[in-house]
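# Coordinates in review
One-letter residues, chain by chain:
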Amino acid sequence: MSKKVIGILAMAYGTPSSVEEILPYYTHIRRGRPPEPQQLQELTERYEAIGGLSPLNEITAAQAQGLERTLHELNPAADYRVYTGMKHAHPFIEETVQQMVADGIEEAIGVVWAPHYSTMSIGTYIKSAEEAREKWGGPQAISYVESWHVQPLFIDSTAKRVAAALAQFPAEERASVPVVFTAHSLPERILQLGDPYPRQIEETGAAVTAQIGHNNWFTGWQSAGRTPEPWLGPDILDVIREQHAQGVTSIVICPVGFVSDHLEVQYDIDIEAKQLADELGMKLVRVASPNDEPLFLQAVATAVLEQAKKG
Ligand SMILES: CC1=C(CCC(=O)O)c2cc3nc(cc4[nH]c(cc5[nH]c(cc1n2)c(C)c5CCC(=O)O)c(CCC(=O)O)c4C)C(CCC(=O)O)=C3C
Ligand SMILES: [Fe+2]
């Protein structure tokens, strides 16, 4: 008897795959409102600064392959097929759900390539998937992993990478180096909605630092939107200035709200924050991204299998 195929809807942010696609991509992020020429120019220049385009789509593809391989290793009795659907680029979540229906997938698990739940992040991916499911009349059921921010193997994977960053400082200095866990800022109004996002980022930071016995840590925000409404702060650039004012000379930044190398990591931290640190004479070390690291993929695969058990 052939095994029933279980579809995994792995959802990622997406990035333009050519310079021409930057405009439609940016327009999609802005819910159909095209950016001003000046804004488009600035975004294009940020992509140029990291080498022309982002490595995100290749990394998302490698993560999907690695996730499928890891699921088979962890549970050889079942047949898993990982499908990638993106929020702001092709194949969109809606297109991928249509493909799953065409392939006869009846049962599926949804998971997002981001650890922390917010109504404005993971919540919107799930909403897109559910709208697509209604539109295409299937898969019959998708059960979603809502967050995996304290999944033990994710904590192990992050703790190892944070420890490797701290190891770049002499042993006697390490305790005095603050580790800042950052995530993409969101509008402050999520707080009135009781959104779990800020608390979940704290929980990841607490678990990681407890594991490596590093007490000097806090959270910060990055990549806030350039809109008039207030966004969650403090911004990482203000954190760096504040630490400098307090006499701190070294800092480790762990962009724990992201799981890949891409624009928000390679530009906002590696270029912009690094330049500020340089100007202030501070040493900044950024923690490596998980990308398709095996331990990280085991974490996400385990979260998927636990969700499959819950149904
Ligand atoms: C919570 C969150 C995550 C983490 C969770 C997750 O991964 O889902 C994330 C990830 C990412 N965000 C990305 C890129 C962008 N996000 C933008 C704008 C925005 N992001 C937002 C939120 C998030 N974003 C919000 C509320 C806006 C304002 C939109 C509005 O106007 O309402 C803009 C527009 C210009 C700008 O504002 O910088 C860009 C280019 C890339 C891909 C980078 C690459 O291409 O390498 C990635 C992984
Ligand atoms: Fe974004």
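Residues numbered from 1 in each chain as written. Chains lettered and ligands numbered in written order. Predicted model: local features only at pLDDT ≥ 70, side-chain atom pairs only at ≥ 80, totals over all residues. Heavy atoms only, no water.

Here the focus is the sheet that holds strand β7 (residues 250-254). Spatially, four strands are ordered β6-β5-β7-β8 in an open sheet, and the strand pairing comes out parallel. With partners counted over all chains shown, the strands left at the sheet margins are β6 (217-222) and β8 (283-286), one partner each. Pairs of neighbouring strands in the sheet enclose a mean axial angle of 30°, with direction left out of account. By the bridge criterion, three bridges tie strand β5 (residues 179-184) to β7 in an arrangement that is parallel. Within β7, the residue paired with V179 across the bridge is V252. Most of the contacts of helix α6 (residues 152-166) go to β7, to which it runs at about 160°, and overall it touches β5, β7 and β8. Helix α10 (residues 268-279) contacts β6, β7 and β8 of the sheet and is inclined by roughly 165° relative to β8. (Pairing = 2+ DSSP bridges. Helix = DSSP H or I, 4+ residues; strand = E, 2+ residues; numbered from the N terminus. Axes fitted to C-alpha atoms, helices over the stretch in contact; angles between N-to-C directions. Contact = heavy atoms within 4.5 Å.)

The positions UniProt marks with the feature "binding site: Fe(2+)" (unreviewed entry) are H184 and E264. For the residues just named, distributed over 81 residues, the greatest C-alpha separation is only 8.3 Å, placing them together at one site. Summarising the element assignment, H184 is placed in strand β5. If near-sequence neighbours (up to four positions away) are discounted, H184 is found in contact with Y197, W221, Q222, S223, F258 and E264. (UniProt positions renumbered as here; feature names shortened; annotations may be inferred.)

Side chains that are three or four residues apart share a direction in an α-helix, a result of its 3.6 residues per turn. Between its first and last C-alpha atoms helix α7 (residues 197-212) spans 23 Å; for 16 residues at 1.5 Å apiece the expected length is 22 Å, and the two agree. Where the residues of α7 are buried, they touch α6, β5 and β6. Directly after α7, the chain includes G213, whose backbone phi takes a positive value near 65°. (Expected span 1.5 Å × (residues − 1).)

The immediate surroundings of ligand 1 are formed by 23 residues, with T15, Y47, S54, Y125 and L263 found nearest. Within the contact set of ligand 1, an oxygen atom lies 2.6 Å away from a side-chain nitrogen or oxygen of Y47. Separating an oxygen atom of ligand 1 from a side-chain N or O atom of Y125 is a distance of 2.6 Å. Expressed as a share of its isolated accessible area of 890 Å², the protein-covered part of ligand 1 is 90%. (Near = heavy atom within 4 Å. Polar contact = N/O pair within 3.5 Å; in protein donor to acceptor, adjacent residues only side chain to side chain. Areas by Shrake-Rupley, 256 points an atom, 1.4 Å probe, with all protein chains shown as cover.)

Our next topic: the pattern of salt bridges. In a structure, side chains of opposite charge can pair up when their charged atoms sit close to one another. Summed over the entire model, instances satisfying the criterion amount to twelve salt bridges. With a closest N to O distance of 3.3 Å, K127 and E131 form a salt bridge. With K127 and E131 both in helix α5 (residues 122-136) and four residues apart, the pair spans about one turn of that helix. Between K274 and D278 there is a salt bridge whose closest N-O contact spans 3.3 Å. One end of the pair, K274, and the other, D278, are both in helix α10, four residues apart, so they sit about a helical turn from each other. Its relative accessible area of 31% is what places K274 among the partly exposed residues. Given the relative accessible area of 47%, D278 is considered partly exposed. It is possible to trace a salt-bridge network through shared partners that takes in D261, D270 and R286. (Salt bridge = Lys/Arg side-chain N within 4 Å of Asp/Glu carboxyl O. Buried < 20%, exposed > 50% of the residue type's maximum accessible area, 1.4 Å probe, protein only.)

Take the pairing of β5 next. Across a regular strand the side chains alternate sides, sitting on one face of the sheet and then on the other. Burial analysis of β5 places five of its six residues in the buried class, the great majority of the element. The sheet contact formed by β5 and β6 spans six bridges and is parallel. In the strand pairing of β6, H184 is matched with Q222. With α7 bridging β5 and the parallel β6, this β-α-β connection has right-handed handedness. (Right-handed = clockwise from strand over helix to strand, strands pointing away.)

Where α6 contacts α7, the two axes come as close as 9 Å, and the packing angle between them is 65°. The two elements α6 and α7 cross, and the hand of that crossing is right-handed. Facing α6, whose interface residues are F154, I155, D156, T158, A159, V162, A163 and L166, α7 presents T204, A207, V208, Q211 and I212. Taken together, the residues of the contact of α6 with α7 break down into nine nonpolar, three polar and one charged. (Left-handed = near helix turned anticlockwise from the far one by under 90°. Nonpolar A, V, L, I, M, F, W, Y, C, P; charged D, E, K, R; others polar.)

In terms of domains, the protein chain is made up of domain 1 (4-148 + 292-310) and domain 2 (152-286). Relative placement of domain 1 and domain 2: their C-alpha centres are 24 Å apart. Facing 27 residues of domain 1, the contacting portion of domain 2 comprises 29 residues. Of all residues in domain 1, R46, H116 and M120 bury the most surface against domain 2, accounting for 28% of the area lost on that side. The interface formed by domain 1 and domain 2 contains one salt bridge. (Domains from an automatic or database assignment. Buried area = accessible area lost by both parts, 1.4 Å probe.)

Residues I8, L71, W113, W148 and V252 are the most contacted members of the largest nonpolar core, which totals 49 residues. Three or more residues apiece are contributed to this core by two domains, here domain 1 (4-148 + 292-310) and domain 2 (152-286). Discounting residues that sit within four places of it in the chain, I8 has contacts with L67, L71, Y80, R81, V82, Y83, M100, I109, V111 and V304. In this structure, M100, I126, A132 and Y144 belong to the second largest nonpolar core, which totals 19 residues. (Core = buried A, V, L, I, M, F, W, Y, C linked by side-chain atoms within 4.5 Å.)

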